[in-house]
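Fold and geometry: a report
Spelled out, the chains give:
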Amino acid sequence: DAGVIQSPRHEVTEMGQEVTLRCKPISGHDYLFWYRQTMMRGLELLIYFNNNVPIDDSGMPEDRFSAKMPNASFSTLKIQPSEPRDSAVYFCASSTGRNEQFFGPGTRLTVL
Amino acid sequence: DQQVKQNSPSLSVQEGRISILNCDYTNSMFDYFLWYKKYPAEGPTFLISISSIKDKNEDGRFTVFLNKSAKHLSLHIVPSQPGDSAVYFCAASAKANTGTASKLTFGTGTRLQVTL
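Since the structure is predicted, the reported quantities are computational estimates derived from the model, not experimental observations. (Residues numbered from 1 in each chain as written. Chains lettered and ligands numbered in written order. Predicted model: local features only at pLDDT ≥ 70, side-chain atom pairs only at ≥ 80, totals over all residues. Heavy atoms only, no water.)

1. Here's the deal with the state of the cysteines
Residues and elements named next belong to chain A. Under the defined criterion, the tally for this structure stands at two disulfides over all chains. Sulfur-sulfur distance for the disulfide between Cys23 and Cys92 comes to 1.9 Å. The disulfide joining Cys23 to Cys92 has a torsion of about -65 degrees about its S-S bond and is therefore left-handed. One end of the pair, Cys23, is in strand β3 (residues 19-24); the other, Cys92, is in strand β9 (residues 88-95), with 69 residues separating them in the sequence. Since its relative accessible area comes to 1%, Cys23 is described here as buried. (Disulfide = S-S within 2.5 Å. Helix = DSSP H or I, 4+ residues; strand = E, 2+ residues; numbered from the N terminus. Buried < 20%, exposed > 50% of the residue type's maximum accessible area, 1.4 Å probe, protein only.)

2. Observations regarding the sheet that holds strand β8 (residues 72-77) of chain B
Across the sheet, five strands lie side by side as β1-β3-β8-β7-β6 (chain B); this open sheet has antiparallel pairing. Strands with a single pairing partner mark the edges of an open sheet, and in this sheet they are β1 (4-5) and β6 (56-59) of chain B. (Pairing = 2+ DSSP bridges.)

3. A closer look at the sheet that holds strand β1 (residues 5-7) of chain A
Residue and element names in this part refer to chain A. Judged by pairing direction, the sheet is antiparallel, and its four strands sit side by side in the order β1-β3-β8-β7 without closing on themselves. The open sheet has two free edges, formed respectively by β1 and β7 (65-71), since each of these has just one partner strand. Averaged over neighbouring strand pairs, the angle between their axes works out to 15 degrees when direction is ignored. Summarising the sheet, β3 and strand β8 (residues 74-79) pair through five bridges and their orientation is antiparallel. In the strand pairing of β8, Cys23 is matched with Ser75. (Axes fitted to C-alpha atoms, helices over the stretch in contact; angles between N-to-C directions.)

4. Details of the pairing of strand β11 (residues 110-115) of chain B
Residues and elements named next belong to chain B. Covered by surrounding structure in β11 are Thr110, Leu112 and Val114 only, the residues Arg111, Gln113 and Thr115 on the alternate face being uncovered. When strand β2 (residues 10-14) meets β11, the two strands line up parallel, connected through five bridges. In the strand pairing of β11, Leu11 is matched with Leu112. By the bridge criterion, three bridges tie strand β9 (residues 86-94) to β11 in an arrangement that is antiparallel. For Val87, the partnering residue across the bridge sits in β11 and is Arg111.

That's the geometry; what it means functionally is another story.
Encoded structure:
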């Protein structure tokens, strides 16, 4: 199995631009999680899905952030408009419902 | 409010010696704890876990100890190897139901460096 796939690996954009991060979970995993890692706050859960349905989005920082999962093999995290404080590494993870989650390699986002 | 805390941002240990990484939590509802290891430019990978019904779990060179009364857990690596150099994250979840995913709350990580 290829593991969790994320794209792009690096994204540099200017303040005010729309950013879309993509994730392909491990086949057969029915839970998908989006995390953000910063130096100050570590790994924070933003939102997670079960069977493509958002279950908990309480970690989404603002209305500028949105996430979708149109099918079992694809999810997006969108930031519109982006701000410099959104600069971080964004991870996607998937699981079968047990506690162990499998993480992708992350997308490093820099907003200038 | 950090519910899971790793108060040591970094740790340096000599090869062959024991590495002890610590983690404290505040939420008494947490009943399952995990350690993840992270190399640069990679996502975290699962290392070892422990349920609150146990106080110790061992897997090869890695042992996790849980002290529920103190709300403290630790990861012991014996003997430490240069390849263990990475950032280690402690994570916790609350009231996991069988077959149901639980939210993981992570600490801020401890960077371990194993020197020759």
